[in-house]
Amino acid sequence: MDDATGVAGLDDVLNGGLAHGRLFLLEGSPGAGKTTVAMQYLMAGVAAGQRCLYITLSETEAELRASAASHDWSLEGVEVFELLPPENLLDEEQQQSLLYSSDLELGETTKRVFEAFARLKPDRVVLDSLSEIRLLAQSSLRYRRQILALKHYFAGQDATVLMLDDLTADANDKTVHSIAHAVIRLEETAPEYGAERRRLRVLKYRGRRYRGGYHDFSILTGGVRVFPRLVSAEHRGEFARDTLTTHSDELNALLGGGVDRGSSVLVLGPAGTGKSLLVLTFLKTAIERGETAAMFAFDEELGLLVKRAAGVGIDLEAMISCGRLVLEQVDAAELSPGEFSARVRHCVEVKGARTVLVDSLNGYQGAMPGEHALILHMHELLQYLNRQGVTTFLTVAQHGLVGDMKSPVDLTYLADTVILLRYFEARGRVRRAISVVKKRTGSHEDTIREFVIGKEGLALGAPLNNFQGILRGVPELLGDVPVVAGAPRE
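Source: prediction; values computed, not measured.

Draft legend 1. Spatial organisation of the overall build of the protein chain. Scanning the protein chain from N- to C-terminus turns up 15 helices and 24 strands. Carbon and sulfur atoms form 50% of the exposed surface of the protein chain, whose accessible area is close to 22500 Å².

Set out below in structure tokens:
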């Protein structure tokens, strides 16, 4: 039988919770969130009708209750035992001369812990923290013997014990690791810019197949929330891979008929070419089909995005008000990759989104510790969405305006379809061109078409057969310049 931790997402990582009657270690540097997790664990026990005991050697009861109040908790039903040194041991005149005072303090501490346990007979116990016991033990051998004594005592009482350790001692000291049934480590990192990032890892769990690796978590008002690492292989769904079309016959032709459901589309191009507008065109047609869509905007303020979309005939406010569109502003400096994946999953699994837009990956990359991690995260996220039958649209802004273009990260091999937007110059005008350079799920046009942006959205012209070198930005004209419907004429 497992005891639920009470921490959202942590039981998923542990594949069930904390095995009842065992001793567990929760370690992390000061401020990592150990006390918050411990309080949530005990409150979950109270909700389950269990007796819970919090033994504190480092914080006072008043400090604990103040911390709980900051999360709107009362700790009602949790017995807090404040274990302070005996008064005579603080009196210099009473210090022993023949015996080490640490011998008396360690023995007295253990005795009082056992007395508090015998009085309440709890089902769940938190011991905060091991640093004080290590300090009193003064040697690794005595410390190990003391932890073993605590483990055997509590095991005989059928109690689940969660011990906290703040890692203020030697980081290579694995004394408690070998004794504990499972070890959970909380970590906190500070990026060069933005809020601190927190993650956890299960170092060991005897006899349990837990979810390995690092998992992002955050501390919010109301407690800790863990975002389990997304494993796409665990999520498979059945759906029909039909072809999704837009209102533009030319765009559909360019895409070889349309976009397949459950595939990913990457839109590449320099700033201002219309990447956001193009993916909004797909979003509009998805909602008109009766689907629910979700859009995550990293780079643009939502008010400006709504106003800009309205200028080309796309009413995002109406889509939101009717419940068909979930539009979220994402601050890459404040959001961890794990939390972003959790938001996407919530939109798909709870709100029923069948189309997901990420605009853009340049902003998403800011939430990543490195390019390699970005590719791994996107691989799992895209595989998850594809297996759920969700059509995904991603944008990437390339560096430069004409000529050779460079992307901050190459994700073209991950996407099922890649659409390339370009500027080119012809007859003294800056024009825009669109082409499909990859479609994994079928054939597509190998032509390049000009397009313009007007009040009715995107309008595509016929293939630019009279040009050569458009992708370089300065093409060579081989005949008359074709005119796109809605474009200014010479």
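Draft legend 2. Focus on the sheet that holds strand S6 (residues 124-128). Strand order in the open sheet formed by 9 strands is S5-S4-S6-S7-S3-S8-S9-S10-S11, and the pairing between neighbours is mixed. At either margin of the open sheet sits one strand with a lone partner, and together these are strand S5 (78-82) and strand S11 (223-227). Across the sheet, the mean angle separating the axes of adjacent strands is 20° when strand polarity is ignored. Sheet topology note: the strand S10 (residues 215-220)/S11 ladder contains 5 bridges and is antiparallel. When the bridges of S11 are listed, isoleucine 219 appears paired with valine 224. Helix H6 (residues 130-137) contacts strand S3 (23-28), S6 and strand S7 (160-165) of the sheet and is inclined by roughly 75° relative to S7.

Draft legend 3. Representation of the pattern of salt bridges. This model, assessed by the stated rule, comprises 19 salt bridges. Measuring nitrogen to oxygen at the nearest pair gives 3.1 Å for the salt bridge that ties glutamate 450 to arginine 431. Of this pair, glutamate 450 sits in strand S21 (residues 449-454) while arginine 431 sits in strand S20 (residues 429-439); the two residues are 19 residues apart in sequence, bridging distant segments of the chain. Each member of the pair, glutamate 450 together with arginine 431, is buried. Sharing partners across several salt bridges, the network here consists of Asp242, Arg261, Arg289 and Glu291.

Draft legend 4. Inspection of unusual backbone geometry at higher detail. Backbone torsion omega between aspartate 128 and serine 129 reads 0°, so that peptide bond is classified as cis. Along the polypeptide, serine 129 turns up in the loop between S6 and H6. Backbone torsion omega between aspartate 359 and serine 360 reads 5°, so that peptide bond is classified as cis. Residues other than glycine seldom take positive phi values, yet asparagine 15 does so here, at roughly 60°. Here asparagine 15 shows up in the loop between helix H1 (10-14) and strand S2 (18-19). For asparagine 15, a relative accessible area of 46% corresponds to the partly exposed category.

Draft legend 5. Highlighting the sheet that holds strand S16 (residues 325-329). The 9 strands lie next to each other as S16-S15-S17-S18-S14-S19-S20-S21-S22, forming an open sheet whose pairing is mixed. Looking along the sheet, the strands with just one partner apiece sit at the ends: S16 and strand S22 (457-463). Each neighbouring strand pair of the sheet contributes to a mean axis angle of 20°, computed without reference to strand direction. Most of the contacts of helix H11 (residues 302-310) go to S16, to which it runs at about 135°, and overall it touches strand S15 (292-297) and S16.

Draft legend 6. Representation of the side chain of threonine 281 in the model. Mapped onto the secondary structure, threonine 281 falls in helix H10 (residues 275-288). Those residues within four positions of threonine 281 in sequence are excluded, and the remaining contacts are Ile314 and Leu458.

Draft legend 7. A look at the pairing of S10. In the sheet, strand S9 (residues 197-205) pairs with S10 via 3 bridges, with the strands oriented antiparallel. Counted as the bridge partner of leucine 200 is histidine 215 from S10. The hairpin turn running from S10 into S11, its antiparallel successor, is 2 residues long, and glycine 222 in that turn takes a positive phi close to 115°.

Draft legend 8. Fine view of the side chain of threonine 417. Structurally, threonine 417 can be placed in strand S19 (residues 417-426). For threonine 417, a relative accessible area of 2% puts it in the buried group.

Draft legend 9. Representation of helix H2 (residues 34-47). With 14 residues, H2 extends 20 Å from end C-alpha to end C-alpha; this agrees with the ideal 20 Å at 1.5 Å per step. The element H2 is largely enclosed, with a buried count of 11 among its 14 residues. Those residues of H2 not exposed but buried are Lys34, Thr35, Thr36, Val37, Ala38, Met39, Gln40, Tyr41, Leu42, Ala44 and Gly45. Two residues or fewer after H2 comes glycine 49, characterised by a positive phi angle close to 80°.

Draft legend 10. Region of the structure containing the environment of isoleucine 133. Counting through the fold element by element, isoleucine 133 comes out in helix H6. In this structure the C-alpha to C-alpha distance between isoleucine 133 and isoleucine 147, which are 14 residues apart in sequence, comes to 8.8 Å. For isoleucine 133, the contacting residues outside a window of four places in its chain are Leu57, Leu106, Leu127, Tyr143, Gln146 and Leu150.

Draft legend 11. Representation of the pairing of strand S18 (residues 391-398) within the structure. With 7 of its 8 residues buried, S18 lies for the most part within the structure. Relative to S18, strand S14 (residues 264-270) runs parallel, the two sharing 7 bridges. Residue valine 267 lies in a different strand from S18, and its bridge partner there is threonine 395. By the bridge criterion, 4 bridges tie strand S17 (residues 353-359) to S18 in an arrangement that is parallel. Paired with leucine 357 across the bridge in S18 is phenylalanine 393.

Draft legend 12. Layout of the packing of H6 against helix H7 (residues 140-156). In contact at an axis separation of 8 Å, H6 and H7 are set at 130° when each is read in the N-to-C sense. By the angle between their directions, the pair H6 and H7 is classed as oblique. In this structure, the crossing between H6 and H7 has a hand that is right-handed. Where H6 approaches H7, its residues Leu130, Ile133, Arg134, Leu136 and Ala137 are matched on the opposing element by Arg142, Tyr143, Gln146, Ile147 and Leu150. The residue makeup of the contact of H6 with H7, split by class, is 7 nonpolar, 1 polar and 2 charged.

Draft legend 13. View of the packing of aromatic side chains. Counted by the stated rule, this structure contains 10 aromatic pairs. When the centroid spacing of 4.6 Å and the interplanar angle of 20° are considered together, the rings of phenylalanine 282 and phenylalanine 393 count as stacked. Remark: phenylalanine 393 occurs in strand S18 and phenylalanine 282 occurs in helix H10; sequence separation between them is 111 residues. Among the residues examined, phenylalanine 282 registers a relative accessible area of 5% and is labelled buried. Chaining the aromatic ring pairs together yields one cluster made of Phe114, Phe117, Tyr153 and Phe154.

Draft legend 14. Local environment of the environment of valine 226. For valine 226, the location among the structural elements is in strand S11. On the basis of relative accessibility, which here comes to 4%, the residue valine 226 falls in the buried class. When the C-alpha atoms of valine 226 and alanine 342 are compared, they prove to be 9.6 Å apart, with 116 residues separating the residues in sequence. Apart from the residues lying within four places of it in its own chain, the contact partners of valine 226 are Val7, Ala8, Gly9, Leu10, Val13, Leu200, His215, Asp216 and Phe217.

The rules behind the values
- Residues numbered from 1 in each chain as written.
- Predicted model: local features only at pLDDT ≥ 70, side-chain atom pairs only at ≥ 80, totals over all residues.
- Heavy atoms only, no water.
- Helix = DSSP H or I, 4+ residues; strand = E, 2+ residues; numbered from the N terminus.
- Areas by Shrake-Rupley, 256 points an atom, 1.4 Å probe, with all protein chains shown as cover.
- Pairing = 2+ DSSP bridges.
- Axes fitted to C-alpha atoms, helices over the stretch in contact; angles between N-to-C directions.
- Contact = heavy atoms within 4.5 Å.
- Salt bridge = Lys/Arg side-chain N within 4 Å of Asp/Glu carboxyl O.
- Buried < 20%, exposed > 50% of the residue type's maximum accessible area, 1.4 Å probe, protein only.
- Expected span 1.5 Å × (residues − 1).
- Parallel < 35°, antiparallel > 145°, perpendicular 65-115°, else oblique.
- Left-handed = near helix turned anticlockwise from the far one by under 90°.
- Nonpolar A, V, L, I, M, F, W, Y, C, P; charged D, E, K, R; others polar.
- Phe/Tyr/Trp six-rings, centres within 6.5 Å; stacked < 30°, edge-to-face > 60°.

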